[in-house]
Amino acid sequence: MSDTTHDGAVALSTPPSADDGLSPGDLAVKYGLTVSGARPGLFEYVRQLRGRRHFIMAFSRAKLTAQYSQAKLGQLWQVATPLLNAAVYFVIFGLILGTKRGMEPEVFIPFLVTGVFVFTFTQSSVMAGVRAISGNLGLVRALHFPRASLPISFSLQQLQQLLYSMIVLVAVTVGFGSYPRLSWLLVIPALVMQFFFNTGLALIMARLGAKTPDLAQLMPFVMRTWMYASGVMFSIPVMLADKPAWIADVLQYNPAAIYMDLIRFAMIDGYGSENLPAHVWVVGLAWALLVGVLGFVYFWKAEERYGRG
C-alpha cells in the first residue's frame, strides 16, 4: 500500500494487522508459545523425572566413583571414613565420658557403629542437597532437565555409599555376637523410609541453598547439633532418665533417632523393643511420607528459577 504526499513523494504504509491490540500474553496463546524453562505441572514433572531415571542413576554412580578418585586407597575410604569416626566416638564417648552406661560392650560397639553409619547417611544427603543446584550451575544452565534430578541423584549416591558401609556394619555386629536372623530383613524397609526422608530433606535444602549459597557454611553446625541430640553415641532413655520425660520423648521421636533405632533393633541382639518409642514404625513412615512429599512439592514450586539470576 502507498500514499502520495502533496510534494509528490511516495510514503509507504502498512495495512492494519490482526494482532494489533493484543497483549504479549494473548499473542503467546494465539501462536502456541510457551515460556522457556516454565515449570510443568506436578504430574508432568514426575513423568519427566521418570524419563530421566537412567541419567539420575548414572550421575549418582559417577559422583560416587569420582569422590575418592584422587586418594590412593580409592573407594576404601567409603568404608574407612565412617569407621574411623566410630572409633573416635568410641574413645571419647564410650571410654572417656562413659556414655555406654547400661550397655555391655558387645551391645554398645555395634550400637555406636550403627548410629554413626546411619546418621552419616542423613548428614551427607543434606550436605549434598545444599550444594546440588548452586554447585552445578554450569550443568543447570546448559541443559534442560528436571532439576530435582540433582538432589535425588545425590541422595542415591549416599545410599550406595551406606550400602558399602553396611558390609562393615555386618562384620562388626557378627564380631560382637549378633548373628544374622530374620529380624535383619527389617533393615530394608527402615532404609527405604530413611531414603525417602533424606531425599525430601535434600530437595528442601537444594532450593534453600540455590537462593542462599552461604547456607552450606552454616549446615555443618546444624548437623552436628542434630547428631548430638539424636542419640548417636548414647541411649537417650538411659542418659535422660533423671530429666523430665518429655525431653527424652522429643529426642527419641526425631527422625534421625527413629531410623537409627529401627536398624539397631533389627541387627543387635541385645537391643530390644524396650529401647524403642511407641509406634516407632508408624512414626518412621510418617516422617518419610511427610518430608518426602513436602520436600518434592517445595522444590518443584521453584523449578523455573533454578540457575537464573
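Heads up: the structure comes first, above all this text.
Described in the following lines is the structure provided in the data block.

Rules and cut-offs
Residues numbered from 1 in each chain as written. Predicted model: local features only at pLDDT ≥ 70, side-chain atom pairs only at ≥ 80, totals over all residues. Heavy atoms only, no water. Helix = DSSP H or I, 4+ residues; strand = E, 2+ residues; numbered from the N terminus. Contact = heavy atoms within 4.5 Å. Areas by Shrake-Rupley, 256 points an atom, 1.4 Å probe, with all protein chains shown as cover. 1 Å grid on protein atoms, 1.4 Å probe; cavity = no way out; pocket = protein on both sides within 12 Å on 5 of 7 lines; lining within 4 Å. Points joined across faces, edges and corners; volume = space filled by probe spheres on them. Nonpolar A, V, L, I, M, F, W, Y, C, P; charged D, E, K, R; others polar. Axes fitted to C-alpha atoms, helices over the stretch in contact; angles between N-to-C directions. Parallel < 35°, antiparallel > 145°, perpendicular 65-115°, else oblique. Salt bridge = Lys/Arg side-chain N within 4 Å of Asp/Glu carboxyl O. Buried < 20%, exposed > 50% of the residue type's maximum accessible area, 1.4 Å probe, protein only. Polar contact = N/O pair within 3.5 Å; in protein donor to acceptor, adjacent residues only side chain to side chain.

### Observations regarding the overall build of the protein chain
Thought 1: Regarding its fold elements, the protein chain presents 13 helices and two strands.
Thought 2: A sequence separation of at least 24 residues applies to 77% of the contacts in the protein chain between residues at least 6 apart.
Thought 3: Summed over its atoms, the accessible surface of the protein chain is roughly 16,400 Å², and 67% of this surface lies on carbon and sulfur atoms.

### Concerning empty space enclosed by the protein
Rolling a probe over the atoms, with the probe sized like a water molecule, indicates the empty space that remains.
Thought 1: Applying the stated criterion across every chain, the model contains one cavity of 30 Å³ or more.
Thought 2: Of the volumes computed, that of the largest cavity is approximately 60 Å³.
Thought 3: Put simply, the parts of the chain that give the lining of the largest cavity at least two residues each are helix H10 (236-239) and helix H12 (255-267).
Thought 4: Ranked by the residues each element gives to the lining of the largest cavity, the list is headed by H12, at three residues.
Thought 5: Residue composition of the lining of the largest cavity, grouped by class: six nonpolar, five polar and two charged.

### Brief notes about the packing of helix H5 (residues 105-130) against helix H7 (residues 149-175)
Thought 1: Relative to each other, H5 and H7 sit at 170°, their axes nearing to 9 Å. Considered as vectors, H5 and H7 are oriented roughly antiparallel to each other. Where H5 approaches H7, its residues Ile 109, Pro 110, Val 113, Thr 114, Phe 117, Phe 121, Ser 124, Ser 125 and Ala 128 are matched on the opposing element by Phe 154, Ser 155, Gln 158, Leu 159, Leu 162, Ser 165, Val 168, Leu 169, Val 172 and Thr 173.
Thought 2: When grouped by side-chain class, the residues that make up the contact of H5 with H7 number twelve nonpolar, seven polar and no charged.

### Here's the deal with the pattern of salt bridges
Thought 1: If you walk through the whole model with that rule in mind, you get four salt bridges.
Thought 2: Put simply, Arg 47 and Glu 44 hold a salt bridge, and the shortest N to O gap is 2.6 Å. Placement of the pair is Arg 47 and Glu 44 together in helix H2 (residues 42-51), with a separation of three residues, close to one helical turn.
Thought 3: Residue Arg 47 is classed as exposed on the basis of its relative accessible area, which comes to 52%.
Thought 4: Glu 44 gets classed as partly exposed once you look at its relative accessible area, which sits at 32%.

### A closer look at the environment of Asp 242
Thought 1: Along the chain, Asp 242 turns up in the loop between H10 and helix H11 (245-252).
Thought 2: Note on Asp 242: relative accessible area 63%, which makes it exposed.
Thought 3: A polar contact of 3.4 Å, which involves the side chain of Asp 242, links it to the side chain of Lys 243.

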